[in-house]
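Given next are the chains, with one letter for each unit.
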Amino acid sequence: MGNRLLSPDTKIHVVSAFDISPIVLSIPTQFWGLGNFYEDSRHVAQNTAEKGTKDTSKYLHDKNSTSTITMAAIEGSQKVVILDQPKTFGADLILVSSHGHGAVASFLAGSFSQAITLDAKYSVEIVRNE
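These remarks concern the structure in this document. Because the structure is a prediction, the values reported are computed rather than measured. (Residues numbered from 1 in each chain as written. Predicted model: local features only at pLDDT ≥ 70, side-chain atom pairs only at ≥ 80, totals over all residues. Heavy atoms only, no water.)

1. Quick look at the overall build of the protein chain
For the protein chain, the helix and strand inventory stands at five helices and four strands. In the protein chain, buried positions account for 24% of the 130 residues. Considering only contacts within the protein chain whose residues lie at least 6 apart along the sequence, 75% involve residues at least 24 apart. Accessible surface, the protein chain as shown: approximately 9,000 Å² in total, 57% of it carbon and sulfur. (Helix = DSSP H or I, 4+ residues; strand = E, 2+ residues; numbered from the N terminus. Buried < 20%, exposed > 50% of the residue type's maximum accessible area, 1.4 Å probe, protein only. Contact = heavy atoms within 4.5 Å. Areas by Shrake-Rupley, 256 points an atom, 1.4 Å probe, with all protein chains shown as cover.)

Put into structure tokens, the structure is as follows:
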């Protein structure tokens, strides 16, 4: 997307969703009381999501300096958060990155980009990471 010519009035909203429930649920309950596991996990996940949105926004701004770019790191199921954002911001296109983990990993863990494509009510474009 960074190499595309965008119209000067293009608005881009970069979203990163983070959900620590799979992490928390994978730890036996007897360890939950050790330190601030939940808070620490949430803090790390949120910081990682915020860094991702900032890095992506900077990259897009460097390539499309006349575009308006906003960003958000939102806690919740990645699929639900991403599918709700177009309603919130009036988007007409969802861009989803694909990490290309391969057929076996996609079969075992599921393909996030495929799930978004199948359930979205808006146009979706899958962007491969270089």
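2. A look at the side chain of Q85
One can find Q85 in helix α3 (residues 78–89). Judged by its relative accessible area of 12%, Q85 is buried.

3. A few points about helix α2 (residues 37–63)
Over its 27 residues, α2 extends 39 Å from the first C-alpha to the last, a length consistent with the 39 Å expected when each residue adds 1.5 Å. All of the buried residues in α2 are S41, A45, A49, T53, S57 and L60. (Expected span 1.5 Å × (residues − 1).)

4. Some points on the pattern of salt bridges
Applying the stated criterion across every chain yields a total of five salt bridges. Note that R42 and E75 form a salt bridge whose closest N and O atoms lie 2.7 Å from each other. Taken together, the positions of R42 in helix α2 and E75 in strand β2 (residues 68–75) put the pair 33 residues apart, joining distant regions of the chain. Owing to a relative accessible area of 33%, E75 belongs among the partly exposed residues under this scheme. A salt bridge links K79 to D119, with the shortest nitrogen-to-oxygen separation between them at 2.3 Å. You can see K79 sitting in helix α3 and its partner D119 sitting in helix α5 (residues 112–119), a full 40 residues away along the chain. (Salt bridge = Lys/Arg side-chain N within 4 Å of Asp/Glu carboxyl O.)

5. Quick notes on the environment of K63
Within the secondary structure layout, K63 lies in helix α2. Exposure remark for K63: the relative accessible area of 43% places this residue in the partly exposed category. Sequence-wise, K63 and L6 are 57 residues apart; in three dimensions their C-alpha atoms are separated by 9.5 Å.

6. Overview of the nonpolar core
Residues V15, A17, V81, I82, L83, I94, V96, I116 and A120 constitute the largest nonpolar core, which totals nine residues. At the level of secondary structure, the elements contributing two or more residues to this core comprise β1 (11–18), α3 and β3 (93–98). A total of three residues in this core trace back to one element, the largest contributor, which is α3. Those residues in contact with V96, other than ones at most four positions away along the chain, are F112, S113, I116, V124, E125, I126 and V127. (Core = buried A, V, L, I, M, F, W, Y, C linked by side-chain atoms within 4.5 Å.)

7. So, the packing of α3 against α5
Across the interface, α3 lies against α5 with an axial gap of 10 Å and an inter-helix angle of 45°. Comparing their axes, α5 and α3 come out oblique. As for the relative orientation of α3 and α5, their crossing is right-handed in sense. Facing Q78, K79, I82 and L83 of α3, the residues of α5 in contact are F112, A115, I116 and D119. Considering only residue class, the contact of α3 with α5 consists of five nonpolar, one polar and two charged. (Axes fitted to C-alpha atoms, helices over the stretch in contact; angles between N-to-C directions. Parallel < 35°, antiparallel > 145°, perpendicular 65-115°, else oblique. Left-handed = near helix turned anticlockwise from the far one by under 90°. Nonpolar A, V, L, I, M, F, W, Y, C, P; charged D, E, K, R; others polar.)

8. So, the side chain of S67
Turning to its location among the elements, S67 is positioned in the loop between α2 and β2. For S67, the residues in contact, after removing those within four places along its chain, are L6, S7, P8, T10 and I12.

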